[in-house]
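Coordinate analysis (summary)
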Amino acid sequence: MFQLPNLSYKYNALEPYIDEQTMIIHHTKHHQAYVDKLNSALSEYPDLQDKGIEQLLKAIDTLPEPLREVVKNHGGGHYNHSHFWNSLKAGGFAPNKQMERLINESYDSFENFKKVFTDIALSLFGSGWVWLEFDNGKINVKKYILQENPLMEGKLPLLGLDVWEHAYYLKYQNKRADYINAWWNIINWDFVEENLAKAIM
Ligand code: MN
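Note on numbering: residues in each chain are counted from 1, in written sequence order. At least 70 in pLDDT is required for a residue's local features to be given in this predicted model, at least 80 for side-chain atom pairs to be given and counted, and no such filter applies to totals for whole chains, interfaces and linings, which use all residues. Only heavy atoms go into the side-chain values, all of them from the structure, while hydrogens and water stay out.

A look at the domain arrangement of the protein
Buried accessible area, meaning the area lost when the parts come together, often serves as the stated size of an interface. Domain start and end points were adopted from an automatic or database domain assignment. Annotation of the protein at the domain level lists domain 1 (20-86) and domain 2 (97-199). When each unit is reduced to the centre of its C-alpha atoms, the spacing between domain 1 and domain 2 is 20 Å. Any two residues having at least one pair of non-hydrogen atoms within 4.5 Å are treated as being in contact. Across the boundary between the two partners, domain 1 contributes 20 residues, which contact 23 residues of domain 2. When two components associate, each loses some accessible surface as probed by a 1.4 Å sphere; the sum of these losses over both components is called the buried area. For the pair domain 1 and domain 2, the summed buried area comes to about 1,700 Å², and 63% of that belongs to carbon and sulfur atoms. A carboxyl oxygen of Asp or Glu within 4 Å of a side-chain nitrogen of Lys or Arg is what we treat as a salt bridge. Our count for the contact surface shared by domain 1 and domain 2 stands at 1 salt bridge. Between K72 and E148 there is a salt bridge, and its shortest N-O distance comes to 3.6 Å. What counts as a helix is a DSSP run of H or I of at least four residues, what counts as a strand is a run of E of at least two, and both are numbered from the N terminus. For the side of domain 1 that touches domain 2, the secondary structure elements donating two or more residues are α1 (20-42), α2 (53-58) and α3 (65-86).

See the structure below:
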């Protein structure tokens, strides 16, 4: 059965960009609920219980019909949030050489990449994620609704931004742009690079 992963940092570690209260609720309530509902749905399907979350998400169309929606929503929620916690880190970081090269190839400069990513995050209507994904040797920024993600389209997720209101509303209220701007200060680019390495190895 799936479990809520521990964070590798304290709930207040990302202050002032993401506040402690938001982190506590986001991790112990929202993420926990995705895990619980996923486990509950899978409890009726013993042969699927030894599958990893990535394996399930890559093959939603092959799952029993009653499971598809719940795996997409709650399995997606579990995977996305686990990825999100790992992609955050206190301190100022920047993309390293390999990532920088890919960003420059596709977006000309880091500043332009930041602008494109931010604009897409601002334009997402309702709840969803913006993902930097890797596919066919290239990176791409794309918005996904609800808890969908690149794995469901056979692509590799490198970096995801949660733009559900629960991710920022306590501190930023309706000011999504301020939350996005703050997020650029706490990206763990080493984690992004590790994800990329999985694709090119
Ligand atoms: Mn969330």
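Next comes the rest of the account.
Some words on the pattern of salt bridges
As enumerated under the stated definition, the model contains 6 salt bridges in all. Linking E105 and R101 is a salt bridge whose minimum nitrogen-to-oxygen distance equals 2.8 Å. Of this pair, E105 and R101 both sit in helix α4 (residues 97-107), 4 residues apart, which is roughly one turn of that helix. Categorising residues by exposure relies on relative accessible area from a 1.4 Å probe, with only protein chains included: less than 20% of the type maximum marks a residue as buried, more than 50% marks it as exposed, and the intermediate range marks it as partly exposed. By relative accessible area, R101 is classed as partly exposed at 43%. Note that E133 is salt-bridged to K155, the shortest N-O span being 3.5 Å. Placement of E133 in strand β1 (residues 128-135) and of K155 in the loop between β2 (138-145) and β3 (156-162) is noted, with a sequence separation of 22 residues between them.

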